Amino acid sequence: MGVESEFEAIDNNQNVLQKHVEFFDRNNDGVIYPWETFQGFRAIGSGIVLSSVAAIFINVGLSGKTRPGKKCPNLLFPIIIENIKMAKHGSDSGVYDEHGRFVNSKFEEIFHKYARTHPDALTSDELNEFLKGNREPKDYGGWIGGLSEWKILYYLAKDKDGLLKKDTIRSVYDGSLFEKMAAEKINKKKHCEK
């Protein structure tokens, strides 16, 4: 398998991990502040409590990692998109490599190993097995990070049958799911106003 088929690139010198978080940069300045994370979560249909907790948890947890060489923490907890690959946590799926590129073989491995009920979807129990399977010993921060992001994804994006579909998971990796969810929320609101 060659490099071209192993990794997916996107245009404009961004890696896929950068594209994943770009949706939350509401003013497109390359920096994500907690209020932008909050606004992004609200835009995809999250409630006020989840959006608030996510904004605090994500920005406090990732800000320092994306600001290398800075001795003092920035109390505005900015996440620098250009450096997001530095904030990759342990105990993850390996679908993003150390450069923030999408590794298709690792993505496919999720379903090969854990999708028992449906070959192209994960149930809640299968998701739990996947999370347990990714745990690295004594990597408590990574466990919490992985558990949080995947449980939020499941809560927000599972279908009516309680399945987290393969296409949905792929689209969260490149950030396109967030755009789709925001558009659906706007369309639903317009439909309700009629």
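Just so we're clear, the structure is a prediction, and the values are computed from it rather than from any experiment.

## Quick notes on a nonpolar patch on the surface
Consideration 1: On the surface, Val 49, Val 53, Phe 57 and Ile 144 cluster together into a nonpolar patch covering about 390 Å² of accessible area.
Consideration 2: Broken down by element, the residue count for the nonpolar patch peaks at three residues, all from helix H4 (residues 48-63).
Consideration 3: Here Val 53 is to be found in helix H4.
Consideration 4: In this structure Val 53 comes out as partly exposed when scored by relative accessible area, which is 48%.

## Some points on the pattern of salt bridges
Consideration 1: This structure, assessed with the given rule, holds nine salt bridges.
Consideration 2: The salt bridge partner of Lys 88 is Asp 92, with a shortest N-O separation of 2.7 Å.
Consideration 3: Between Lys 160 and Asp 161 there is a salt bridge; the shortest N-O distance is 3.6 Å.
Consideration 4: On the basis of relative accessibility, which here comes to 55%, the residue Asp 161 falls in the exposed class.
Consideration 5: In this structure, a network of salt bridges that share partners links the residues Glu 108, Asp 120, Lys 166 and Arg 170.

## Notes on the confidence of the model for the chain
Consideration 1: Across the chain, the average pLDDT comes to 90, with 92% of residues at 70 or higher.
Consideration 2: Residue range residues 1-13 is modelled with pLDDT below 50. Its contacts to residues more than four positions away, or to other chains, number 18 contacts.

## What about the packing of aromatic side chains?
Consideration 1: Taken as a whole and judged by the stated rule, the model has 14 aromatic pairs.
Consideration 2: Aromatic side chains Phe 23 and Phe 24 sit 5.2 Å apart centroid to centroid with 90 degrees between the ring planes, which places their arrangement in the edge-to-face category. Grouping residues by exposure puts Phe 23 and Phe 24 together as buried.
Consideration 3: For the ring pair Tyr 114 and Phe 130, a centre distance of 5.6 Å and an interplane angle of 70 degrees mean the geometry is edge-to-face. One end of the pair, Tyr 114, is in helix H5 (residues 104-114); the other, Phe 130, is in helix H6 (residues 124-134), with 16 residues separating them in the sequence.
Consideration 4: Assessed through its relative accessible area of 16%, Tyr 114 is described here as buried.
Consideration 5: Pairwise contacts between aromatic rings join Tyr 96, Phe 102, Phe 107, Phe 111, Tyr 114, Phe 130, Trp 150 and Tyr 173 into one cluster.
Consideration 6: The positively charged end of Arg 135 is found above the aromatic ring belonging to Trp 143, 5.0 Å away from the centroid.

## Concerning the packing of helix H7 (residues 140-157) against helix H8 (residues 166-173)
Consideration 1: Taken N-terminus to C-terminus, the directions of H7 and H8 make an angle of 125 degrees; their axes are 12 Å apart at the nearest point. Taken together, the axes of H7 and H8 are oblique relative to one another. When the axes of H7 and H8 are compared, the crossing they make is right-handed. Residues Trp 150, Leu 153 and Ala 157 of H7 form the contact with H8, whose participating residues are Thr 168, Ile 169, Val 172 and Tyr 173.
Consideration 2: Here the residues of the contact of H7 with H8 are counted per class, giving six nonpolar, one polar and no charged.

## Thoughts on the nonpolar core
Consideration 1: Judged by nonpolar contacts, the single largest core of 38 residues is most densely connected at Phe 107, Ile 110, Leu 122, Trp 150, Leu 153, Ile 169 and Tyr 173.
Consideration 2: Counting only elements with at least two residues in this core, the list comes to helix H2 (16-22), helix H3 (34-43), H5, H6, H7, H8 and helix H9 (176-193).
Consideration 3: Beyond its immediate stretch of four places on either side in the chain, Leu 153 contacts Lys 158, Leu 164, Ile 169, Val 172 and Leu 177.

The rules behind each value
Residues numbered from 1 in each chain as written. Predicted model: local features only at pLDDT ≥ 70, side-chain atom pairs only at ≥ 80, totals over all residues. Heavy atoms only, no water. Patch = residues over 30% accessible without salt bridge, like charges linked within 9 Å, V, L, I, M, F, W, Y side chains within 5 Å. Areas by Shrake-Rupley, 256 points an atom, 1.4 Å probe, with all protein chains shown as cover. Salt bridge = Lys/Arg side-chain N within 4 Å of Asp/Glu carboxyl O. Helix = DSSP H or I, 4+ residues; strand = E, 2+ residues; numbered from the N terminus. Buried < 20%, exposed > 50% of the residue type's maximum accessible area, 1.4 Å probe, protein only. pLDDT = per-residue confidence, 0-100. Contact = heavy atoms within 4.5 Å. Phe/Tyr/Trp six-rings, centres within 6.5 Å; stacked < 30°, edge-to-face > 60°. Lys NZ or Arg CZ within 6 Å of the ring centre and 35° of its normal. Axes fitted to C-alpha atoms, helices over the stretch in contact; angles between N-to-C directions. Parallel < 35°, antiparallel > 145°, perpendicular 65-115°, else oblique. Left-handed = near helix turned anticlockwise from the far one by under 90°. Nonpolar A, V, L, I, M, F, W, Y, C, P; charged D, E, K, R; others polar. Core = buried A, V, L, I, M, F, W, Y, C linked by side-chain atoms within 4.5 Å.

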